[in-house]
Amino acid sequence: QVQLVESGGGLVQAGGSLRLSCAASGRTFSSYAMGWFRQAPGKEREFVAAISWSGGNTYYADSVKGRFTISRDNAKNTVYLQMNSLKPEDTAVYYCAVPKKPTGSWTVFFELMRGEYGYWGQGTQVTVAS
């Protein structure tokens, strides 16, 4: 059974930093792109960042570009999200996600995740105080 377990969320002041981790189990995801999404209260879930299976390619939402960094350690089956210069609008539940089949295409990655062909973690709360 595949499990994605996020950790590292919490309360931080604006301008501060947090590092989220997502540990995967039940399958080795070293051949899969992985990503982070978030959902703020009353809003739709939105994409944050994604990383290719090798870690060589990354993709970010415009709202976090230059502030967040996604990385992965395939030996640990873990993906990370380093969040710097946090803003109150970054407040949300952050979810780790991976598609149910490997793909080298960002287009297909997003199609799989939108089409519910993905595994999701339970989420970790990030709250940024102003």
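Computed from a predicted structure; not experimentally measured. (Residues numbered from 1 in each chain as written. Predicted model: local features only at pLDDT ≥ 70, side-chain atom pairs only at ≥ 80, totals over all residues. Heavy atoms only, no water.)

A.B. asks: Teacher, can you tell me more about the overall build of the chain here?
C.D. replies: Counting secondary structure elements, the chain contains one helix and 11 strands. Along the chain direction, N to C, the helices and strands of the chain fall in the order β-β-β-β-β-β-β-β-β-α-β-β. The C-alpha radius of gyration computed for the chain amounts to 14 Å, which stays within 12% of the reference 14 Å derived for 130 residues, consistent with globular compactness. If you line up the chain on its principal axes, its C-alpha atoms span 40 × 25 × 25 Å. Split into buried and exposed, the 130 residues of the chain put 45% on the buried side. Roughly 6500 Å² of accessible area belongs to the chain as shown, and the carbon and sulfur atoms make up 47% of that amount. For the chain, the separation between the mean place of its 13 positive charges and that of its 9 negative charges on side chains is 5 Å. (Helix = DSSP H or I, 4+ residues; strand = E, 2+ residues; numbered from the N terminus. Rg over C-alpha atoms; globule rule 2.2 N^0.38 Å. Buried < 20%, exposed > 50% of the residue type's maximum accessible area, 1.4 Å probe, protein only. Areas by Shrake-Rupley, 256 points an atom, 1.4 Å probe, with all protein chains shown as cover. Lys, Arg positive; Asp, Glu negative; His and termini not counted. Charge placed at Lys NZ, Arg CZ, Asp CG, Glu CD.)

A.B. asks: Can you help me understand the environment of Glu111 in this one?
C.D. replies: Relative to the helices and strands, Glu111 resides in helix 1 (residues 106–114). Classification of Glu111 by relative accessible area gives partly exposed; the value is 44%.

A.B. asks: Explain the sheet that holds strand 7 (residues 68–73) to me, please; I cannot follow it from the model alone.
C.D. replies: Think of a sheet as strands paired side by side through backbone hydrogen bonds, with each pair either parallel or antiparallel. Across the sheet, which stays open at both edges, the four strands sit in the order 1-3-8-7 with antiparallel pairing between neighbours. A single partner strand is all that each edge strand has here, and the edge strands are strand 1 (3–7) and strand 7. Strand-to-strand twist across the sheet, computed as the mean angle between neighbouring axes with direction ignored, equals 15 degrees. (Pairing = 2+ DSSP bridges. Axes fitted to C-alpha atoms, helices over the stretch in contact; angles between N-to-C directions.)

A.B. asks: Got a minute to help me understand the packing of aromatic side chains in this structure?
C.D. replies: Here a ring pair, both rings aromatic, is described through the centre-centre distance and the interplanar angle of the planes. Considering all chains together, one arrives at 10 aromatic pairs under this definition. Measuring from centroid to centroid gives 5.6 Å for Phe37 and Phe47, while their planes differ by 70 degrees, and the two rings are edge-to-face. Taken together, the residues Phe37 in strand 4 (residues 34–39) and Phe47 in strand 5 (residues 46–51) connect sequence positions 10 residues apart. Per residue, the accessibility class of Phe37 equals that of Phe47, and both read buried. Judged by centre distance (5.3 Å) and plane angle (80 degrees), the rings of Phe109 and Phe110 are edge-to-face. (Phe/Tyr/Trp six-rings, centres within 6.5 Å; stacked < 30°, edge-to-face > 60°.)

A.B. asks: For this particular structure, what's the right way to read the pattern of salt bridges?
C.D. replies: Two side chains with opposite charge may pair up if their charged atoms get near one another. Applying the stated criterion across every chain, the model contains four salt bridges. The closest approach of N and O atoms between Asp90 and Arg38, which form a salt bridge, is 3.0 Å. You can see Asp90 sitting in the loop between strand 8 (78–83) and strand 9 (92–99) and its partner Arg38 sitting in strand 4, a full 52 residues away along the chain. Of the two residues examined, Asp90 and Arg38, each falls in the buried class. (Salt bridge = Lys/Arg side-chain N within 4 Å of Asp/Glu carboxyl O.)

A.B. asks: For this particular structure, what's the right way to read the nonpolar core?
C.D. replies: Among soluble globular proteins, nonpolar side chains are generally buried collectively. Ranked by size, the top nonpolar core spans 39 residues in total, and within it Phe29, Trp36, Leu81, Met83 and Tyr94 carry the most contacts. Secondary structure elements with two or more residues in this core: strand 3 (18–25), strand 4, strand 5, strand 7, strand 8, strand 9, helix 1 and strand 11 (124–129). (Core = buried A, V, L, I, M, F, W, Y, C linked by side-chain atoms within 4.5 Å.)

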